[in-house]
Amino acid sequence: MKVDGRAYRTIWPDPDGESVIILDQTLFPHRFETARLTVVEDAARAISDMLVRGAPLIGATAAYGMALAMRADASDTALAKAYEQLHATRPTAINLRWALDRMHAVLRPLPQGDRAEAAWEEAARVCDEDVAINSAIGDNGLAIIRDIAAKKGSAPVNILTHCNAGWLATVDWGTATAPIYKAHDAGIPVHVWVDETRPRNQGAFLTAWELGRHGVPHTVIVDNAGGHLMQHGDVDMVIVGTDRTTARGDVCNKIGTYLKALAAKDNGIPFYVALPTPTIDHRVHDGIAEIPIEDRSQDEVRFISGRSGEAVTRVDLLPPGSAAANPSFDVTPARLVTALVTEKGVIPATAEAIAALS
Ligand SMILES: CSC[C@H]1O[C@H](OP(=O)(O)O)[C@H](O)[C@@H]1O
């Protein structure tokens, strides 16, 4: 996407061929800065500390993490160690394992001397494919927005989204935001209700920033406002991303997604999930029982950062001694999902439709 007239991806290889550049998303929305990854440990820390986040971008970063590891030491031992180091960063997004398995399948059979270059090239392919996949998701989701717009006259299509499944969660375009960008660029009036998405505020800090930079009308709302807006006819559709969708269509996504799906069902509002097919985990069926839900630090609930003038400060929100719980994802059962918007088409959230994709 363009930022101040310059095209960006969220991750790219430095022309020196020795390092990788990422956007440091922990600094958004107040600072737009890059960070350099030079060793596999840098990539692992970038994922675990959420300098990069979002299932497809986690996968892309892990792919380049393997490439950085092979530049330093292309031995079988180093390959296995890099896989484990990166796999241990975050448990929920399946794209991490998908990317690591893909890199390992390419690298393991190669002579050690060929691994560094092959890893660099494969990581670049992972990124390029992600951009193409998300653009296709955008095209498929655009048709949904266009159909709703046809019934709205000149009024905007009101879309609610949760967390950030935008271009900042991928290499480019985003998943849930790709149809929004395509609709906006096609001249279809849209307005986005942006869930702030406590506690890390990916909606307020990332989605609002993205949409603002692209000129897409949007309103940030507290996470608990969505149901009220749906009851009052202010939401035409919900579209979210996912970190892992099961073989039967259960959708794991940022904490709070399930509550939006319940409210949408209760109000007869379509609830779409945008996902690239690598985000489908064909090995699991029951999302609630089988998907590991990341528990992150309670400090993410306790502290929040904000800008005061030019200074960015961090404050403690809770009374001393109050504990906080911070499950980072929840699972929306397939029965609450209207359809899955993939790069291969829009399909029902059923085992049969998902099986037919592959
Ligand atoms: C397109 S995947 C985006 C997905 O990832 C986010 O989680 P996190 O920011 O913790 O990596 C959130 O669940 C988004 O929907």
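Numbering of residues starts from 1 in every chain and runs along the sequence as written. With pLDDT at 70 or above as the cut-off, local features in this predicted model cover only qualifying residues; side-chain atom pairs require 80 or more to be listed or tallied, and sums for whole chains, interfaces and linings still use all residues. The side-chain numbers reported here are obtained from all heavy atoms of the structure, hydrogens and water having been left aside.

Draft legend 1. Summary view of the UniProt feature "site: Transition state stabilizer" (unreviewed entry) in the chain. UniProt positions are given in the numbering used here, feature names are shortened, and annotations may be inferred rather than shown by experiment. In this structure's numbering, the residues bearing the UniProt feature "site: Transition state stabilizer" (unreviewed entry) are Cys163. Structurally, cysteine 163 can be placed in the loop between strand S6 (157–161) and helix H6 (178–185). Exposure categories follow from relative accessible area, calculated using a 1.4 Å probe and restricted to protein chains: below 20% of the type maximum is buried, above 50% is exposed, and the middle band is partly exposed. Among the residues examined, cysteine 163 registers a relative accessible area of 6% and is labelled buried. Excluding its chain neighbours within four sequence positions, the residues that come into contact with cysteine 163 are Asp195, Thr197, Gln202, Gly203, Thr207 and Lys254. Helix numbering and strand numbering both begin at the N terminus, where a helix is a DSSP run of H or I of at least 4 residues and a strand a DSSP run of E of at least 2. Any two residues whose heavy atoms approach within 4.5 Å are treated as being in contact.

Draft legend 2. The arrangement of the site of the ligand in detail. Residues are counted as near a molecule or strand when any one of their heavy atoms sits within 4 Å of it. For the ligand, the set of nearby residues contains 17 residues, the closest of which are Gly54, Arg90, Asp243, Asn253 and Lys254. Contacts described as polar in this section are N or O atom pairs within 3.5 Å, which, within protein, must combine one atom able to donate a hydrogen with one able to accept it, while residues neighboring in sequence count only if both atoms come from side chains. Glycine 54 places a main-chain nitrogen or oxygen 2.9 Å from an oxygen atom of the ligand. Within the contact set of the ligand, an oxygen atom lies 2.5 Å away from a side-chain nitrogen or oxygen of asparagine 253. Out of a free accessible area of 400 Å², the ligand has 100% covered by protein chains. Put simply, the parts of the chain that give the shell around the ligand at least two residues each are helix H2 (55–72) and strand S11 (251–254). What counts as a domain boundary in this text is fixed by an automatic or database domain assignment. Counting only domains with at least three residues in the shell around the ligand, you end up with domain 1 (2–129) and domain 2 (140–357). The Shrake-Rupley method, run with a 1.4 Å probe sphere, supplies the accessible areas, and residue values consider only the shown protein chains as cover.

Draft legend 3. Representation of the sheet that holds S11 within the structure. The criterion for strand pairing is that DSSP finds at least two bridges linking the strands in question. Ordered by their spatial adjacency, four strands build an open sheet running S13-S10-S11-S16, and the pairing between neighbours is mixed. For this open sheet the edge positions go to strand S13 (280–281) and strand S16 (329–332), each flanked by a neighbour on one side alone. Sheet topology places S11 next to S16; four bridges connect them, and they run antiparallel. What sits directly across from cysteine 252, in S16, is valine 331. Interaxial angles span 0 to 180 degrees and are taken between N-to-C directions of axes, which are lines fitted to C-alpha atoms, for helices over the stretch in contact. In this fold helix H9 (residues 257–266) packs onto S11 and S16, with an angle of close to 30° to the strand it touches most, S16.

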